[in-house]
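This is what each chain is made of:
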Amino acid sequence: MKCIPFIALVCCILFGCGSSGQPKTQVKIKFDGAAQGTYYSITYFAPDTLVSQKQVDSLLDAFNFCASIYEPKSIISRFNRNDPTVTADSLFKVIFDASMKVSERSSGAFDVTVGQLVNAWGFGFKNRENISQPLIDSLRECIGYQRVKLKNGKLIKEDPRIMLDFNAVAQGFSVDYMSNFLISKGITSFLIDIGGEVRGQGKKPSGESWVVAIEKPAPDMNSAQELQAKLNLNDLSLATSGNYRKYYEENGVRYSHTIDPSTGYPVKHNLLSVSVIANDCMTADAYATAFMVMGLDKIKLFLEKNKDLQLHVYCIYSGEDGSMQIWADDEFKKLIINEKP
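Thresholds, definitions, all that
Residues numbered from 1 in each chain as written. Predicted model: local features only at pLDDT ≥ 70, side-chain atom pairs only at ≥ 80, totals over all residues. Heavy atoms only, no water. Pairing = 2+ DSSP bridges. Helix = DSSP H or I, 4+ residues; strand = E, 2+ residues; numbered from the N terminus. Phe/Tyr/Trp six-rings, centres within 6.5 Å; stacked < 30°, edge-to-face > 60°. Buried < 20%, exposed > 50% of the residue type's maximum accessible area, 1.4 Å probe, protein only. pLDDT = per-residue confidence, 0-100. Contact = heavy atoms within 4.5 Å. Core = buried A, V, L, I, M, F, W, Y, C linked by side-chain atoms within 4.5 Å. Arc of directions from axis to C-beta. Axes fitted to C-alpha atoms, helices over the stretch in contact; angles between N-to-C directions. Parallel < 35°, antiparallel > 145°, perpendicular 65-115°, else oblique. Left-handed = near helix turned anticlockwise from the far one by under 90°. Nonpolar A, V, L, I, M, F, W, Y, C, P; charged D, E, K, R; others polar. Salt bridge = Lys/Arg side-chain N within 4 Å of Asp/Glu carboxyl O.

### Looking at the pairing of strand β3 (residues 148-151)
Point 1. As defined by bridge partners, β3 adjoins strand β4 (residues 154-157) across four bridges and the pair is classed as antiparallel. Paired with K151 across the strands is K154, a residue of β4.
Point 2. Between β3 and β4, which pair antiparallel in sequence order, lie two residues; one of them, N152, sits at a positive phi of approximately 55 degrees.

And the structure:
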């Protein structure tokens, strides 16, 4: 799961003419709720309530029964238990195929088979185990995206211990899933925020952009949220991954929830958070995790070699003197409207 950026909504209600032949009044519809162990917030403009909160809750509940490792009856949970009766549905196939593409493109920095390691470190649906090098070596034997495939709706594993984990991509996909639903209902101006993964579609009727914010990395998980930067988000998606909200400390050492599949251990570098803008939220979500594994230098190299992905990145990291530093690519900078020094 991801750390949750504080989302700043700058919304208004516009009143048009109601006479025949002229545009109908566009009103703001907004509702909030809980889903996937986190929150969601949806705001859209339309002449009427074209999509209700009940519809949204129903869709997100159905999504959980596909992709949530915390739902024992979900498709992914049943695959992880090697249930021979389970078959992938269309949603599962989309998430799996996208995860495999990111796993391959990132050379395994993002790896959909990391489930066993996530659980061992206590960041999944099980309590943390007593970590030892022999345990990590054993678990790494069942890690590797190249060792799984879907065939005729069935998950084929080289090792039955392999466990999929969609946590680093499912939330982003749920934003895309909901976005497509709103568009299918004729809604073209909206902002969706599910656990900090966001999509801004179109502009508000006033012509104003949707405005969202990136959270400043906090000293610890209990610190109040502060904003680091605000930016316009029109027909784009944003996802943020960081190591400052979800971790645990033991013997004075902080262990991040971001696991490096190549080592089996939480990442150790000076990168505090990565925000990624992409054309869809699932892609932004997956690469935010991959980049947290890579670290800043490898991120820069990756962006240079993979321009076709059209990813834009905002990195917050610790300098050599411990001060907070920022690096962002030029296209991301163009979207920023306010930033703390």
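### Things to note about the packing of aromatic side chains
Point 1. Across all of its chains, the model carries 13 aromatic pairs by this definition.
Point 2. Measuring from ring centre to ring centre gives 5.8 Å for F63 and F173, while their planes differ by 25 degrees; the resulting arrangement is stacked. A residue pair is termed long-range when its members are at least 10 positions apart, and F63 in helix α1 (residues 53-67) and F173 in helix α6 (residues 167-184) qualify at 110 residues. The exposure classification of F63 matches that of F173, with both residues buried.
Point 3. Plain terms: the ring middles of Y314 and F332 are 5.4 Å apart, the flat faces sit at 35 degrees to each other, and that makes the pair tilted.

### Points about the confidence of the model for the protein
Point 1. Put simply, the protein has an average pLDDT of 88, and 87% of its residues get 70 or more.
Point 2. Between residues 1-20, whose pLDDT stays under 50, and residues either more than four places distant or in other chains, the model counts 73 contacts.

### A short note on the nonpolar core
Point 1. Ranked by size, the top nonpolar core spans 55 residues in total, and within it F92, L164, F166, V274, F291, I299 and L311 carry the most contacts.
Point 2. Looking at this core, the elements with two or more residues in it are α1, α2 (75-80), α3 (90-105), α6, β12 (271-278), α7 (281-294), α8 (296-305) and β13 (312-318).
Point 3. Core analysis: the next-biggest nonpolar cluster, separate from the first, contains 20 residues, V56, L182, I192 and I194 among them.

### Quick look at α8
Point 1. Taken together, the buried positions of α8 are L296, I299, F302 and L303. With its buried residues spanning 115 degrees around the axis, α8 presents them on a single face. What points out from α8, more than 90 degrees from its buried face, is the exposed set D297, K298, L301, E304 and K305.
Point 2. Elements that come into contact with the buried residues of α8 comprise α3, β12, α7, β13 and β14 (324-328).

### A few points about the packing of α6 against α7
Point 1. Interaxial distance between α6 and α7 falls to 7 Å at its minimum, and their mutual angle equals 160 degrees. In terms of their interaxial angle, α6 and α7 are classed as roughly antiparallel. α7 is crossed by α6, and the crossing has right-handed handedness. Within the contact between the two elements, α6 uses A168, V169, A170, Q171, G172, F173, V175 and D176 and α7 uses C281, M282, D285, A286 and T289.
Point 2. Residue composition of the contact of α6 with α7, by class: eight nonpolar, three polar and two charged.

### What to know about the pattern of salt bridges
Point 1. Scanning the model with the defined rule gives nine salt bridges in all.
Point 2. D308 is the partner of R105 in a salt bridge, and the nearest nitrogen-oxygen pair spans 3.1 Å. With R105 in helix α3 and D308 in the loop between α8 and β13, this pair connects stretches of sequence that are 203 residues apart.
Point 3. In this structure, K340 engages E226 in a salt bridge whose closest nitrogen and oxygen atoms are separated by 3.6 Å. In this pair, K340 sits in the segment after β15 (336-339) while E226 sits in the loop between β7 (211-215) and β8 (227-232), placing the two residues 114 residues apart along the sequence.
Point 4. According to the relative accessible area criterion, K340 is partly exposed, its value standing at 35%.
Point 5. Each of the salt bridges in this network shares a partner with another, and the network as a whole consists of E141, D159 and R161.

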